Amino acid sequence: MYELSAESSDSPSSENKSFGWALSPTGSSILRDIRRRSSVRKMPNRRNRQICLAHHPTGFPTEDNFALSETAVPEPKEGEMLCRTIYLSLDPYMRGRMNPGPSYAPGVELGHVMGGATVSQVVQSRLPHYDEGDLVLSANGWQEFALSDGEGVRKLDPPIAPISTALGVLGMQGHTAYVGLLDHGRPKAGETVVVSAASGAVGAVVGQLAKLAGCRVIGIAGQQKKCDTVAGDSLLLSLIHI
């Protein structure tokens, strides 16, 4: 997961902060501070930095496969809102979407912004039920600003949990683990649960849920250092390196 800088490069040094501190226990004073500093209207020279797919990679992607583009920050029309990216989730599925040809999900076209789930902040809104300063789960992709009509967007409540968890344990990965294990697997105490990719975003949550259910948990990971990480966190009872 990547955290993006929240202030423009020409901001005074005293205000040039990231939103990393927002992950500490949040109270109303911190939330007010986030909202107070949210507007792009105070930053007329702000540009929207985007990472676009320049070439289809062969094997592991390199920096040459991407291009940095800068455009004007878009203005929301009626029924839209402008969101500023705070956190971007980098996930394995993105590699597949860099390939040409059909797949289970549409690929990214050359010259287009890379897609991805984000935690962002509403900086301008002409959309009912969303206000400036709201923190949301969105799909801005690899860029600092994006317009949204609200489809697929979910509001976040910082006092409940750190906002970054919306891209992990309280997001798609956590939901996949919870539904897959508890609704479909339905493990019983004393049973053995084997978790593949046990150090991944979904597998790590499955292992913890299975332990909470009273199961014996065996995890499988592809590298010894992955096994060591999971074992160090005491998530699973046994680990297998394959």
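Look up: the structure comes first, before these words.
1. Concerning the packing of helix H3 (residues 172–185) against helix H4 (residues 201–212)
As a packed pair, H3 and H4 sit with axes 8 Å apart at the nearest point and diverge in direction by 45 degrees. Overall, the two elements H3 and H4 adopt an arrangement that is oblique. The handedness of the crossing between H3 and H4 comes out as right-handed. Of H4, the residues touching H3 (which contributes Gln173, Gly174, Thr176, Ala177, Tyr178 and Leu181) are Ala201, Val202, Val205, Val206, Leu209 and Ala210. Tallied by class, the residues present in the contact of H3 with H4 amount to nine nonpolar, three polar and no charged.

2. Side note on H4
For H4, spanning 12 residues, the distance from its first C-alpha to its last is 17 Å, which sits close to the expected 16 Å at 1.5 Å a residue. Regarding H4, the residues found buried are Gly203, Ala204, Val205, Val206, Gly207, Leu209 and Ala210.

3. Concerning the pattern of salt bridges
Counted by the stated rule, this structure contains four salt bridges. Residues Glu144 and Arg49 are paired through a salt bridge, measuring 2.6 Å at the closest nitrogen-oxygen approach. Taken together, the residues span a long stretch of sequence, with Glu144 in the loop between strand E6 (135–138) and strand E7 (145–148) and Arg49 in strand E2 (residues 47–53) at a distance of 95 residues. Taking the relative accessible area as the measure of exposure, Arg49 reaches 41% and is therefore partly exposed. One salt bridge connects Asp134 with Lys155, and the closest N-O pair in it is separated by 3.5 Å. On the criterion of sequence distance, the pair formed by Asp134 in the loop between strand E5 (118–125) and E6 and Lys155 in strand E8 (residues 154–155) is long-range, its members being 21 residues apart. With a relative accessible area of 9%, Asp134 lands in the buried category.

4. Considerations on the environment of Gln173
Take Gln173: it is sitting in helix H3. Residue classification places Gln173 among the buried residues on the basis of a relative accessible area of 6%. Among all residues touching Gln173, those that are not within four sequence positions of it are Ser89, Asp91, Leu167, Gly168, Ala201 and Val202. Side chain to side chain, Gln173 and Asp91 meet in a polar contact 3.4 Å long.

5. Concerning the environment of Asp64
Position of Asp64 among the secondary structure elements: in the loop between E2 and strand E3 (66–72). Placed 11 residues apart in sequence, Asp64 and Leu53 show a C-alpha to C-alpha distance of 9.3 Å. With near-sequence residues (within four places) excluded, Asp64 lies in contact with Ala54 and His55.

About the criteria used
Residues numbered from 1 in each chain as written. Predicted model: local features only at pLDDT ≥ 70, side-chain atom pairs only at ≥ 80, totals over all residues. Heavy atoms only, no water. Axes fitted to C-alpha atoms, helices over the stretch in contact; angles between N-to-C directions. Helix = DSSP H or I, 4+ residues; strand = E, 2+ residues; numbered from the N terminus. Parallel < 35°, antiparallel > 145°, perpendicular 65-115°, else oblique. Left-handed = near helix turned anticlockwise from the far one by under 90°. Contact = heavy atoms within 4.5 Å. Nonpolar A, V, L, I, M, F, W, Y, C, P; charged D, E, K, R; others polar. Expected span 1.5 Å × (residues − 1). Buried < 20%, exposed > 50% of the residue type's maximum accessible area, 1.4 Å probe, protein only. Salt bridge = Lys/Arg side-chain N within 4 Å of Asp/Glu carboxyl O. Polar contact = N/O pair within 3.5 Å; in protein donor to acceptor, adjacent residues only side chain to side chain.

Geometric values such as these leave the question of function open.
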